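Breakdown of the fold
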Amino acid sequence: MSLLPRPPDAVLPLADLLGGPLRDRHGRIKRKLRVSLTDRCNFRCPYCMPDSPDFMERADRLSRAGLQRLLRLFVAELGVTHLRLTGGEPLLRRDLEAVVAECGSLRALGLERISLTTNAALLARRAAALKAAGLDDLNISLDALTPDTFARLSGNREVQPVLDGIAAARAAGLPLKLNAVIVRGVNEDEILPLTRWAMAQQLPLRFIEFMPLDGRHEWSQQRVVTQAEILQHLRGEFEIDPQPRGSDPAAYFRLRGGTGAAKIGVIATVSNPFCSSCDRLRLTADGKLYPCLFSPKGVSLREPLQAGASEAELTALIRDTVWHKDAGYVAHPGYAERRIAMNSLGG
Ligand code: SAM
Ligand code: SF4
């Protein structure tokens with residue numbers, strides 16, 4: 001079922017080509033760009049990474065100068081106000097602080113926020129430097145507190161470095177949110193412990209439904225723990241008040257009970273997609289623009305960049321690609337027919 005009206009026109013209108021906000025044919029305006037800095041990762045989360053990842057060649061990655069040129073266009077010419085650096089694992093980039101600092105120079109052109117999504121295992125030693133470089137906030141993935149379950153969901157990694165990373169981010173004064181993907185038969189029994197822990201730490205927590213974007217093709221509808229089920233797990237211990245829906249992809253709920261009160265979020269891409277208000281775009285480390293998580297393929301911006309395309313040509317290509325953005329998961333529920341997995345696309 002599509003919540004979106006059918007596109008009136010398949011051709012980018014002249015007015016959109018000439019300027020104004022970056023808009024798709026469903027009327028959604030894009031303000032947020034997720035920038036994958038690498039497809040490599042120090043974890044092997046089964047819901048994300050293929051069994052035998054075929055990582056991109058470093059030579060195929062956008063150069064730092066190329067990346068900054070594109071980001072400048074997105075901000076100054078196309079109205080993007082929020083950059084989220086992601087991956088793969090962005091902390092594998094030794095030059096991450098420099099990338100953040102370079103993004104900082106775009107604030108004068110309209111950029112409002114620079115965020116990072118990370119597994120945090122390598123964060124402890126770099127949190128202060130990232131803050132100093134101009135990072136505004138972090139999303140940290142934490143799917144379990146129990147060491148065995150954490151190991152199952154990370155490819156045999158330890159949870160303690162992640163907890164150390166979280167502590168270091170807080171000590172550095174970086175605001176953060178926790179994200180937990182819940183997979184049936186693996187970590188439903190972490191829903192309550194994670195909630196209690198986040199509440200005790202006074203950290204915002206969001207649960208994420210398992211999406212059909214895993215590199216191993218192990219997703220099935222049966223393995224999705226839906227928003228309704230997540231809330232059911234919490235109901236035994238907490239009173240739950242739904243909060244008014246904002247522009248965030250998560251639905252929020254106020255919890256009362258246990259050791260106090262807290263707000264948790266659920267990103268219900270599968271059971272309750274938020275595609276009709278999606279304001280995001282994705283750029284891969286090799287410079288492909290994916291207008292949607294479920295886009296079958298990306299459009300290379302790196303090739304025209306390397307071939308000497310002008311700013312006007314690049315802007316027109318981006319506007320045209322975004323204009324043709326599909327309705328999203330609402331239009332094609334189930335597996336996305338494509339070769340790219342989440343570690344390449346950026347979450
Ligand atoms: N490595 C970093 C991390 O894990 O936070 C950043 C990249 S990761 C691809 C970004 C987010 O995508 C993480 O929160 C991860 O849990 C989420 N993710 C990956 N595969 C997913 C899937 N199949 N369904 C739902 N979320 C997924
Ligand atoms: Fe790595 Fe993040 Fe994917 Fe896990 S979810 S394999 S940490 S990129």
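Provided above is the structure to which this section pertains.
Let me begin by describing the structure that accompanies this report. All values derive from a computational prediction rather than experimental measurement.

**Quick look at the overall build of the protein**
Tallying secondary structure elements over the protein gives 11 helices and 12 strands in all. For a compact globule of 347 residues, the expected C-alpha radius of gyration is about 20 Å, and the protein comes in at 20 Å, within 12% of that figure. C-alpha atoms of the protein, sized along the principal axes, occupy 55 × 45 × 40 Å. Looking at the 347 residues of the protein, the share that counts as buried comes to 55%. Pairs at least 24 residues apart make up 72% of the contacts formed inside the protein by residues separated by at least 6 positions. Summed over its atoms, the accessible surface of the protein is roughly 14900 Å², and 52% of this surface lies on carbon and sulfur atoms. Computed over 46 positive and 39 negative side-chain charges, the inter-centroid distance for the protein is 3 Å.

**Considerations on the site of ligand 2**
Near ligand 2, the surroundings consist of Cys-41, Phe-43, Cys-45, Tyr-47, Cys-48, Met-49, Gly-88 and Asn-119. The residue inventory of the shell around ligand 2, partitioned by class, reads 6 nonpolar, 2 polar and no charged.

**Quick notes on the side chain of Thr-81**
With respect to the helices, strands and loops of the structure, Thr-81 is situated in the loop between helix H2 (64-77) and strand S2 (82-86). In this structure Thr-81 touches Arg-31, Gly-110, Leu-111, Glu-112 and Arg-113, once residues within four positions along its chain are discounted.

**Comments concerning the site of ligand 1**
Near ligand 1, the surroundings consist of 17 residues, among which Tyr-47, Gly-88, Glu-89, Ser-141 and Met-211 are the closest. At a separation of 3.1 Å, a nitrogen atom of ligand 1 approaches a polar side-chain atom of Glu-89. At 3.3 Å from an oxygen atom of ligand 1 is found a main-chain nitrogen or oxygen belonging to Thr-118. Elements represented by at least two residues in the shell around ligand 1 include exactly strand S3 (113-118) and strand S6 (205-209). Its residues placed into classes, the shell around ligand 1 shows 7 nonpolar, 8 polar and 2 charged.

**Overview of empty space enclosed by the protein**
Empty space among the atoms becomes visible once a probe the size of a water molecule is rolled across them. Per the counting criterion, the structure on display carries 2 cavities of 30 Å³ or more. Around the second largest cavity sit Ser-36, Leu-37, Arg-61, Leu-62, Ser-63, Arg-64, Leu-67, Arg-93 and Ala-285, which together line it.

**Quick notes on the nonpolar core**
Judged by nonpolar contacts, the single largest core of 110 residues is most densely connected at Phe-74, Leu-142, Phe-207 and Leu-234. Among the elements that take part in this core, H2 stands out by supplying 6 residues, more than any other. Non-local contacts of Leu-142, meaning those with residues more than four positions away in its chain, are made with Phe-150, Val-159, Val-162, Leu-163, Ile-166, Leu-178, Asn-179, Ala-180, Leu-194 and Trp-197.

**Re the sheet that holds strand S4 (residues 137-141)**
Taken together, 12 strands build an open sheet; the order of strands is S7-S8-S9-S6-S5-S4-S3-S2-S1-S10-S11-S12 and the sheet is mixed. Every interior strand has two partners, whereas the edge strands, strand S7 (238-242) and strand S12 (299-300), have only one.

**Here we look at unusual backbone geometry**
If you check the backbone angles, Asn-156 has positive phi at about 70 degrees while not being a glycine. Mapped onto the secondary structure, Asn-156 falls in the loop between helix H5 (147-154) and helix H6 (160-171). Look at His-217: it is not a glycine, yet its phi comes out positive at around 55 degrees.

**Quick word on the packing of aromatic side chains**
By the definition in use, this model includes 1 aromatic pair. One cation-aromatic arrangement involves Lys-263 over Tyr-252; the distance from NZ or CZ to the ring centre is 4.9 Å.

Reading guide: rules and limits
For every chain, the first residue of the written sequence is number 1, and numbering continues from 1 onward in sequence order. For naming, the first written chain is A and the first written ligand is 1, with later ones following in the order written. In view of the model being predicted, local features appear only for residues whose pLDDT reaches at least 70, and side-chain atom pairs are presented and counted only at 80 or more, with totals across whole chains, interfaces and linings using the full set of residues. Note that water and hydrogens are dropped before the side-chain values are worked out from all heavy atoms of the structure. Here a helix means four or more residues in a row that DSSP labels H or I, a strand means two or more in a row labelled E, and each is numbered from the N terminus. Throughout, radius of gyration means the C-alpha value; the globule benchmark is 2.2 Å times the number of residues raised to the power 0.38. Whether a residue is buried, partly exposed or exposed follows from its accessible area with a 1.4 Å probe, protein chains only, as a fraction of its type maximum: under 20%, in between, or over 50%, in that order. Contact definition: two residues touch when any of their heavy atoms are within 4.5 Å. Throughout, the Shrake-Rupley method with a 1.4 Å probe supplies accessible areas, and for residues the shown protein chains are the sole cover considered. His is not counted here, nor are the chain ends, while Lys and Arg score as positive and Asp and Glu score as negative. The atoms used to mark charge sites are NZ of Lys, CZ of Arg, CG of Asp and CD of Glu. Nearness is defined per residue: one heavy atom within 4 Å of the molecule or strand is enough. For this scheme, ten residues count as nonpolar: Ala, Val, Leu, Ile, Met, Phe, Trp, Tyr, Cys and Pro. Four count as charged, namely Asp, Glu, Lys and Arg, and the remainder, Gly too, count as polar. Distance and chemistry together define a polar contact, namely a pair of N or O atoms within 3.5 Å, with one atom able to donate a hydrogen and the other to accept it when in protein, and with adjacent residues in sequence counting only for side-chain atoms on both sides. Only protein atoms enter the 1 Å grid used here. Points where a 1.4 Å probe fits but cannot escape make up a cavity, open sets with protein on both sides within 12 Å along at least five of seven lines make up a pocket, and a residue lines them when an atom lies within 4 Å of a point. Grid points are joined across faces, edges and corners, and a volume is the space filled by probe spheres set on the points. Among buried residues, those of type Ala, Val, Leu, Ile, Met, Phe, Trp, Tyr and Cys that are joined through side-chain atoms within 4.5 Å constitute a nonpolar core. Here, any two strands with at least 2 DSSP bridges between them count as paired. Centre distance within 6.5 Å is the pairing criterion for rings of Phe, Tyr and Trp, where only the six-membered ring of Trp is used; planes under 30 degrees apart are then read as stacked, over 60 as edge-to-face, and the remainder as tilted. In this scheme, the term charge over a ring applies when either NZ of a lysine or CZ of an arginine sits within 6 Å of the ring centre and within 35 degrees of the ring normal.

On their own, these measurements won't tell you what the molecule is for.
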